[in-house]
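# Inside the fold
Single-letter residue listing:
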Amino acid sequence: MKTFLVTLLTFITIHSYCRQSDSGKMAFKEAVKLDSPDFSIAYRILKKEVKADPNNTEARYFLGYCIDRINSAHGAVMNLVKKQLTIEASEQFEAIIKLQPKYQGEIFVLDPYGKLTSVWGALAQSYLSKGLKDSATWAFREGKRRGGFIKPMLEYN
């Protein structure tokens, strides 16, 4: 009987954790479907999930993606991206790469390396649109230092 109760409690705990860890991802996916997405709910859920389990690479992936979408919901506002949000998104993707160099979680369009390139490229583009060439160069180099960009892309840009 004791073994049965331990097994049952373990199952309930794991099942509850799995459902909880999917809630942020599901909130993110629901927001993406909206005409005017609001990622604030997904952000709050995912932030709690990462705090509770810093090694949860999938929660980090969707948190980083969520931060990026808050920073730049679509290409029309790419010139308005903020450096601090770029850094916050980047830190999530960097943590994933450190924990799991070959990310095994669900991917929403780009893998963590591609997202690093994307967030830093968007910041560089934002700087370029404002005529800030030195800042754009810094953003490209910083993105490379943090794990994004392949050498030919940097040389081209």
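As the structure is a computational prediction, the values presented were derived from the model and not from experiment.

Secondary structure summary: the protein contains seven helices and zero strands in total. Written out in order from the N terminus, the α and β elements of the protein read α-α-α-α-α-α-α. The proportion of buried residues among the 157 residues of the protein is 36%. Within the protein, residue pairs in contact and separated by at least 24 positions form 60% of the contacts whose partners lie at least 6 positions apart. Per element, the accessible surface of the protein, about 9,600 Å² overall, is 59% carbon and sulfur.

An ideal rise of 1.5 Å per residue puts 24 Å on 17 residues; helix H4 (residues 83-99) measures up with 24 Å between its terminal C-alpha atoms. Every buried residue belonging to H4 is among Thr-86, Ile-87, Ala-89, Ser-90, Gln-92, Phe-93, Ala-95, Ile-96 and Ile-97, and all of these are buried. Against helix H2 (40-52), helix H3 (57-71) and helix H5 (112-129) lie the buried residues of H4.

As a further point, take the confidence of the model for the protein. Confidence along the protein averages 83 in pLDDT terms, with 82% of residues attaining 70 or more. When the elements of the protein are averaged for pLDDT, helix H1 (residues 2-33) gives the smallest value, 55, and H4 the largest, 97. Low pLDDT (under 50) marks residues 3-20, which in the prediction has three contacts with non-local residues, meaning those over four places away or in another chain.

Glancing now at unusual backbone geometry. A positive phi angle is found at Val-109, which is not glycine, with a value near 75°. Relative to the assigned elements, Val-109 resides in the loop between H4 and H5.

Quick look at the pattern of salt bridges now. Oppositely charged side chains can pair when the atoms bearing their charge come close. Per the counting criterion, the structure on display carries seven salt bridges. Taking the shortest distance from any N to any O, the salt bridge between Lys-29 and Glu-106 comes out at 2.4 Å. Taken as a pair, Lys-29 in helix H1 and Glu-106 in the loop between H4 and H5 lie far apart in primary sequence, 77 residues in all. On the basis of relative accessibility, which here comes to 22%, the residue Lys-29 falls in the partly exposed class. Taking relative accessible area as the criterion, Glu-106 reaches 28% and is therefore assigned partly exposed.

Reading the values: the criteria
Residues numbered from 1 in each chain as written. Predicted model: local features only at pLDDT ≥ 70, side-chain atom pairs only at ≥ 80, totals over all residues. Heavy atoms only, no water. Helix = DSSP H or I, 4+ residues; strand = E, 2+ residues; numbered from the N terminus. Buried < 20%, exposed > 50% of the residue type's maximum accessible area, 1.4 Å probe, protein only. Contact = heavy atoms within 4.5 Å. Areas by Shrake-Rupley, 256 points an atom, 1.4 Å probe, with all protein chains shown as cover. Expected span 1.5 Å × (residues − 1). pLDDT = per-residue confidence, 0-100. Salt bridge = Lys/Arg side-chain N within 4 Å of Asp/Glu carboxyl O.

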